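# Tertiary structure, described
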Amino acid sequence: MNQILPEAGRLHIRSLTPEDYPLYDQWEADLHRMHVEARPDLFCPLEHPVPQEQYLEELNDCHELRLLAEVDGAPAGMCSFTLREAPGSPLLKPDKSLYVVDLYVAPAFRRQGVASALLAEGERQGRAFGAKRLSLTVWPFNQQALQFYQRLGLGIRSYTLEKELEPPFSGTR
């Protein structure tokens, strides 16, 4: 792997701003399109998966974290996180966690350490929030992402299984 070293000054991570929306929108559309192509039975085609109004609200929400990685000033990738606070219940202990909503690295910057750096910065900020764990959802069709997350030490917490049901009876008796 051709690692971009933050010490070299090439990689800079900052919070996304309202002015970054066009880039964020483009990258979210790329991510969403991949999901639509792999699972058209679940995902609806959308030109703008995250409308600008929602993006702006999330930028101002203290439980949402939006990061942009730049390499030599060029946008290289982004990561969206949600800081979750789950109250305790009779069955579960109270929990603070950091959930990865989306992670995207531009094709020209893949396999250079950008994704790892974004996740590391998210973890750093999540710890400051009091998060005890990092979690995310990865779809089985995205084997490259699954292998990447496993290399970073993420393991399976639970499984979501599914079974297609036959269509309901629609004829007459």
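Each remark here, short or long, concerns the structure printed above.
Attention in this report is confined to the structure presented alongside it. (Residues numbered from 1 in each chain as written. Predicted model: local features only at pLDDT ≥ 70, side-chain atom pairs only at ≥ 80, totals over all residues. Heavy atoms only, no water.)

## Remarks on the environment of Ala 128
Position of Ala 128 relative to the elements: it lies in helix 3 (residues 114–129). Along the sequence, Ala 128 and Glu 162 sit 34 residues apart, while their C-alpha atoms lie 36 Å from each other. (Helix = DSSP H or I, 4+ residues; strand = E, 2+ residues; numbered from the N terminus.)

## Notes on the sheet that holds strand 4 (residues 95–105)
Strand order in the open sheet formed by five strands is 1-2-3-4-5, and the pairing between neighbours is mixed. Where the open sheet ends on each side, the last strands, each with one partner, are strand 1 (11–15) and strand 5 (133–136). Within this sheet the neighbouring strands show an average axis-to-axis angle of 30 degrees, counted without direction. Bridging between strand 3 (residues 74–86) and strand 4 involves ten bridges; their strand directions are antiparallel. Paired with Ser 80 across the strands is Asp 102, a residue of strand 4. Contacting strand 2 (64–71), strand 3 and strand 4, helix 1 (residues 21–38) runs over the sheet at an angle of about 75 degrees to strand 3. Its contacts with the sheet put helix 3 on strand 1, strand 2, strand 3, strand 4 and strand 5, and the angle it makes with strand 3 is roughly 30 degrees. (Pairing = 2+ DSSP bridges. Axes fitted to C-alpha atoms, helices over the stretch in contact; angles between N-to-C directions. Contact = heavy atoms within 4.5 Å.)

## Some remarks on the pairing of strand 2
Each regular strand displays side chains that alternate between the two surfaces of the sheet. Burial analysis of strand 2 places eight of its eight residues in the buried class, the great majority of the element. Burial along strand 2 is two-sided: the residues Glu 64, Arg 66, Leu 68 and Glu 70 and Leu 65, Leu 67, Ala 69 and Val 71 are all buried. In the sheet, strand 1 pairs with strand 2 via five bridges, with the strands oriented antiparallel. Looking at the pairing, Arg 14 lines up with Leu 68 of strand 2. Strand direction decides the pairing type here: strand 2 and strand 3, joined by eight bridges, are antiparallel. The residue bridging Leu 67 from the neighbouring strand is Cys 79, located in strand 3. Between strand 2 and strand 3, which pair antiparallel in sequence order, lie two residues; one of them, Asp 72, sits at a positive phi of approximately 50 degrees. (Buried < 20%, exposed > 50% of the residue type's maximum accessible area, 1.4 Å probe, protein only.)

## What about a nonpolar patch on the surface?
A cluster of nonpolar side chains, Ile 156, Tyr 159 and Leu 161, forms an exposed patch at the surface whose accessible area comes to about 430 Å². By the secondary structure assignment, Leu 161 is in the segment after helix 4 (143–151). (Patch = residues over 30% accessible without salt bridge, like charges linked within 9 Å, V, L, I, M, F, W, Y side chains within 5 Å. Areas by Shrake-Rupley, 256 points an atom, 1.4 Å probe, with all protein chains shown as cover. Salt bridge = Lys/Arg side-chain N within 4 Å of Asp/Glu carboxyl O.)

## Examining the packing of aromatic side chains
Under the definition given, this model contains six aromatic pairs. Measuring from ring centre to ring centre gives 6.3 Å for Trp 139 and Phe 141, while their planes differ by 20 degrees; the resulting arrangement is stacked. Trp 139 gets classed as partly exposed once you look at its relative accessible area, which sits at 28%. The rings of Tyr 21, Tyr 24 and Tyr 55 are connected pair by pair, giving a single aromatic cluster. The cationic tip of Arg 84 hangs over the ring face of Tyr 99; the distance from NZ or CZ to the ring centre is 3.9 Å. (Phe/Tyr/Trp six-rings, centres within 6.5 Å; stacked < 30°, edge-to-face > 60°. Lys NZ or Arg CZ within 6 Å of the ring centre and 35° of its normal.)

## As for the side chain of Glu 28
Looking at the secondary structure, you find Glu 28 in helix 1. For Glu 28, which is buried and forms no salt bridge, the nearest opposite charge comes from Arg 66, at a distance of 6.7 Å. Excluding its chain neighbours within four sequence positions, the residues that come into contact with Glu 28 are Pro 49, Val 50, Met 78, Ser 80 and Asp 102. (Lys, Arg positive; Asp, Glu negative; His and termini not counted.)

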